[in-house]
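Each chain, letter by letter, is given below.
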Amino acid sequence: MPSPLVPDKIEDELEMTMVCHRPEGLEQLEAQTNFTKRELQVLYRGFKNECPSGVVNEETFKQIYAQFFPHGDASTYAHYLFHAFDTTQTGSVKFEDFVTALSILLRGTVHEKLRWTFNLYDINKDGYINKEEMMDIVKAIYDMMGKYTYPVLKEDTPRQHVDVFFQKMDKNKDGIVTLDEFLESCQEDDNIMRSLQLFQNVM
């Protein structure tokens, strides 16, 4: 008579068939990020817990992200964030994508963080930020934070915020902000840096 399968073994085999993406070796990720091997193991466990297949699509990403902002609508911001994480534009975020972005946002240099933020704001990926793109991101952040965070927020506050930012950043007044203008403006203006810091806290 065949011996009964051990439940753990069945679970392991089930998980093996479900996983459609295995991350690069931890040593390689450790070399590419600012995380230790132990931290990467903990992050991977959490990632696998939320995304058993090893990849996350935009819908799942939005659902996970929404849990952190119960008083607002995080879906639009999560959409932009997802596309910033999905650097290869495949429509899914692998553990490597997630951990690389997290490494920059949590432990990167100021320059790396600013480059990443520029990429987030450059929605159409043409290498520039125009006023509409900045408006879309800022409005998405206000929507996500919800009315409880800003009880006296006027309808046009995001627009005013963007007008001030854009005026400071668009050095040559050509209607677009280049990466160099963005980096320069952010590093010379404490108010912009503080605002970006605030926005980075929502990532």
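Every value quoted in this text rests on a predicted model; they were computed, and no experiment measured them.

Reading the values: rules and limits
Residues numbered from 1 in each chain as written. Predicted model: local features only at pLDDT ≥ 70, side-chain atom pairs only at ≥ 80, totals over all residues. Heavy atoms only, no water. Core = buried A, V, L, I, M, F, W, Y, C linked by side-chain atoms within 4.5 Å. Buried < 20%, exposed > 50% of the residue type's maximum accessible area, 1.4 Å probe, protein only. Helix = DSSP H or I, 4+ residues; strand = E, 2+ residues; numbered from the N terminus. Domains from an automatic or database assignment. UniProt positions renumbered as here; feature names shortened; annotations may be inferred. Axes fitted to C-alpha atoms, helices over the stretch in contact; angles between N-to-C directions. Parallel < 35°, antiparallel > 145°, perpendicular 65-115°, else oblique. Left-handed = near helix turned anticlockwise from the far one by under 90°. Contact = heavy atoms within 4.5 Å. Phe/Tyr/Trp six-rings, centres within 6.5 Å; stacked < 30°, edge-to-face > 60°. Lys, Arg positive; Asp, Glu negative; His and termini not counted. Salt bridge = Lys/Arg side-chain N within 4 Å of Asp/Glu carboxyl O. Polar contact = N/O pair within 3.5 Å; in protein donor to acceptor, adjacent residues only side chain to side chain.

Asks: Even after reading the chapter, I still don't get the nonpolar core, so can you show me in this structure?
Replies: Nonpolar side chains tend toward joint burial in soluble globular proteins. Residues Tyr77, Leu120 and Met134 are the most contacted members of the largest nonpolar core, which totals 52 residues. Among the elements that make up this core, the one with the highest residue count is helix H8 (residues 131–145) (9 residues). The residue makeup of this core includes at least three contributed by each of domain 1 (26–108) and domain 2 (110–202).

Asks: Mind showing me how you'd approach the UniProt feature "domain: EF-hand" (unreviewed entry) in the chain here?
Replies: Taking the UniProt record as the reference, the feature "domain: EF-hand" (unreviewed entry) is found at residues 73–108, 109–144 and 157–192. Secondary structure across residues 73–108 comprises 67% helix and 8% strand; the distance between its end C-alpha atoms is 28 Å. End C-alpha atoms of residues 109–144 are separated by 26 Å, and the span's content is 72% helix alongside 8% strand.

Asks: How should I be thinking about the packing of helix H6 (residues 95–107) against helix H7 (residues 110–121) in this particular structure?
Replies: To characterise two packed helices, one gives the angle between the axes of the helices and the distance between these axes. Following both chains from N to C, one finds H6 and H7 inclined at 125 degrees, their axes separated by 8 Å at the closest point. Put simply, H6 runs oblique to H7. Regarding H6 and H7, the two cross each other, and that crossing is left-handed. The residues of H7 that touch H6, namely those facing Ala101, Ile104, Leu105 and Leu106, are Glu112, Lys113 and Trp116.

Asks: What's the story with the packing of aromatic side chains in this structure? I'm lost.
Replies: Centre distance and the angle of the planes are the two values used to describe a pair of aromatic rings. Following the criterion strictly, the structure yields 13 aromatic pairs and no others. Centre to centre, the rings of Tyr44 and Phe95 are 5.0 Å apart; their planes meet at 70 degrees, and the pair counts as edge-to-face. Highlighted residues: Tyr44 in helix H3 (residues 37–50) and Phe95 in helix H6, separated in sequence by 51 residues. Like Tyr44, the residue Phe95 is buried in the burial classification. When the centroid spacing of 6.4 Å and the interplanar angle of 65 degrees are considered together, the rings of Tyr65 and Phe68 count as edge-to-face. Through a chain of ring-to-ring contacts, the aromatic side chains of Tyr44, Phe47, Phe61, Tyr65, Phe68, Phe69, Tyr77, Phe82, Phe85, Phe95, Phe98 and Trp116 assemble into a single cluster.

Asks: Any chance you could explain the side chain of Asp97 here in plain terms?
Replies: Counting through the fold element by element, Asp97 comes out in helix H6. For the buried Asp97, no salt bridge is present, and the opposite-charge side chain at shortest range is Lys94, 4.2 Å distant. Among the polar contacts made by the side chain of Asp97, one reaches the main-chain amide nitrogen of Lys94 at a distance of 2.9 Å. If we skip the residues at most four places from it in the chain, Asp97 touches Phe85, Thr87 and Ser92.

Asks: Which parts of the structure should I look at to understand the pattern of salt bridges?
Replies: Pairing between side chains of opposite charge can happen when their charged atoms approach one another. Per the counting criterion, the structure on display carries 7 salt bridges. With a closest N to O distance of 3.1 Å, Asp163 and Lys131 form a salt bridge. Of the two residues, Asp163 sits in helix H9 (residues 157–169) while Lys131 sits in helix H8, which places them 32 residues apart along the sequence. Given a relative accessible area of 29%, Asp163 falls into the partly exposed group. Relative accessible area serves as the criterion here: at 29%, Lys131 is assigned to the partly exposed category. A salt bridge links Lys171 to Glu188; its shortest N-O distance comes to 2.4 Å. Residue Lys171 is found in the loop between H9 and strand S4 (176–178), and its partner Glu188 is found in helix H10 (residues 179–188); the two are separated by 17 residues along the sequence. For Lys171, a relative accessible area of 34% puts it in the partly exposed group.

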